[in-house]
Amino acid sequence: MSKSSSSSDDSGSLLGPADVRELAAALGVRPTKQRGQNFVIDANTVRRIVRTADVRPDDVVVEVGPGLGSLTLALLEAADRVTAVEIDEVLAAALPSTVAARLPERADRFALVHTDAMHVTELPGPAPTALVANLPYNVAVPVLLHMLATFPTIDRTLVMVQAEVADRLAARPGNKVYGVPSVKANWYAEVKRAGAIGRNVFWPAPNVDSGLVSLVRREKPLETTASREEVFAVVDAAFAQRRKTLRAALSGWAGSAAAAEAALVAAGISPQARGEALTVEEFAQIAEHKRQHEGDAA
C-alpha cells in the first residue's frame, strides 16, 4: 500500500486518517463494538504513546489488539522488536503486509500472534520487556492482569484504556473508585495515570474519553508468604460486598465472621474497616494470617 499524502501531518511511515479508512475499506473491515474496536487515526497520538511508554532501542515490545497497525508501526520505529497479539482473523492476516509495505526495513523485527490475548502463554522470539497497547475497552483489565502475570519479564507497561478504567487502575486506597483492578495492578507494579486522550483521534470516535496508564513493575516482588492466588481471593471477597465491613465481607472467605475477625485482628486491621481503605500489602497480611490460623488449627 502506498503512503498517503492526505494525512493532516507528516506521518511518514505511520498511518493517517485517510490511510486507516483506505485500509479498512480494502479489507472490508467495520470496527465492531463487540470487540471494542476503535482505531487510532492520528500519527501524533501514537508517537506520543511511544514517547510516554519510554520505548527504548533494545526493547522487545508486545502489543495487544494492534488493529490496522497505527501504533504497531510507531513501536517498530522505536523498539528492537514488536510482537502483536490480534484475535481478529482479517486484521491479523493483513497486518504483516501493512508492516512490510510501510516499514520494509523493519519487517523482520515484527511477529504476529493470531489468538485471544487472554489465552497467550508464550510468545515467539526474545522475552518481552515492555507492553504497549490500545486495549479494547471491554476486556482491558483482565487482559492487562493476564499479561503481567504470564510474562514477568515485562518491566514497563503503558496502556490506553477508557478514562474511567484508567482512574480505577491508578486509584489509591481511600479513593471512591479504588477497587479490585487497583489492588491487583499494584501487586505487580507502581501504577499511575500518564495522560488523557481525546475522542477525535479514534475512528469511530468512542462516546467516552480515554486515558493512559503507566505501570512499572516492582523491583522486588511484594514480600509475603501468601501466594498471589491467596491474596487475590481476599481482594475479590472484600470488594464483592464493598459497602460491608471486612468482618462481614470476608466471612464467606474465612469460613465465618469470627474467623474473618481473627485473621483481621492478627493482621493488625480493624474488623470494621472496608476494603477500599486497604493497601495490597495489608491484603497480603490478611491472607497470611488466615493461612497461619489454618495451620495452627491443623
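Note: the structure precedes this text.
Values in this document were obtained by computation on a predicted structure and should not be read as measured data. (Residues numbered from 1 in each chain as written. Predicted model: local features only at pLDDT ≥ 70, side-chain atom pairs only at ≥ 80, totals over all residues. Heavy atoms only, no water.)

It is the contact of helix 5 (residues 140-150) with helix 7 (residues 180-188), at a shortest axis distance of 10 Å, that shows an interaxial angle of 20 degrees. Viewed along their axes, helix 5 and helix 7 adopt a mutual orientation that is roughly parallel. Both helix 5 and helix 7 take part in a crossing whose hand is left-handed. Contacts between helix 5 and helix 7 involve V141, L145, L148 and A149 on the former and, on the latter, P181, K184, A185 and Y188. Its residues placed into classes, the contact of helix 5 with helix 7 shows seven nonpolar, no polar and one charged. (Axes fitted to C-alpha atoms, helices over the stretch in contact; angles between N-to-C directions. Helix = DSSP H or I, 4+ residues; strand = E, 2+ residues; numbered from the N terminus. Parallel < 35°, antiparallel > 145°, perpendicular 65-115°, else oblique. Left-handed = near helix turned anticlockwise from the far one by under 90°. Contact = heavy atoms within 4.5 Å. Nonpolar A, V, L, I, M, F, W, Y, C, P; charged D, E, K, R; others polar.)

We now examine the environment of Q241. With respect to the helices and strands, the residue Q241 is situated in the loop between helix 8 (228-240) and helix 9 (246-249). Residues Q241 and L135, 106 residues apart in the sequence, show an inter-C-alpha distance of 28 Å. Reaching out from Q241, the side chain makes a polar contact with the side chain of K244 at a distance of 2.8 Å. (Polar contact = N/O pair within 3.5 Å; in protein donor to acceptor, adjacent residues only side chain to side chain.)

The buried fraction of strand 2 (residues 60-64) amounts to five of the five residues, a majority that puts the element mostly inside the structure. What you see with strand 2 is no split at all: V60, V62 and V64 on one side and V61 and E63 on the other are buried throughout. Across five bridges, the pairing between strand 2 and strand 3 (residues 81-86) is parallel. By the bridge assignment for strand 3, V64 is matched with V85. (Buried < 20%, exposed > 50% of the residue type's maximum accessible area, 1.4 Å probe, protein only. Pairing = 2+ DSSP bridges.)

So, about the nonpolar core. Formed by 61 residues in total, the largest nonpolar core has its most connected members in L135, L215, V231, L250, F283 and I286. Beyond its immediate sequence surroundings of up to four residues, L215 is in contact with L144, L148, D155, R156, T157, V159, A185, A189, E190 and V191. Ranked by size, the runner-up nonpolar core spans 39 residues in total, among them I41, L95, I197 and L212. (Core = buried A, V, L, I, M, F, W, Y, C linked by side-chain atoms within 4.5 Å.)

Attention shifts here to the sheet that holds strand 3. Sheets are built from strands that pair by backbone hydrogen bonding, the pairs being arranged parallel or antiparallel. Taken in spatial order, the seven strands of this open sheet run 4-3-2-5-6-9-7, and their pairing is mixed. Only two strands of the sheet have a single neighbouring strand rather than two, namely strand 4 (110-114) and strand 7 (189-197). Geometrically, the sheet is characterised by an average inter-axis angle of 20 degrees between neighbouring strands, direction not taken into account. Across two bridges, strand 2 lies against strand 5 (residues 130-134) in parallel orientation.

Consecutive side chains of a regular strand alternate in pointing toward one face of the sheet and then the other. Counting buried positions along strand 5 yields five of five residues, so the element is predominantly enclosed. A two-sided burial pattern is seen for strand 5, the buried positions comprising A130, V132 and N134 on one face and L131 and A133 on the other. Where strand 5 and strand 6 (residues 156-162) come together, five bridges link them in parallel fashion. Across the sheet, the residue bridging to N134 is M160, located in strand 6. Between the parallel elements strand 5 and strand 6, the chain passes through helix 5 in a crossover that is right-handed. (Right-handed = clockwise from strand over helix to strand, strands pointing away.)

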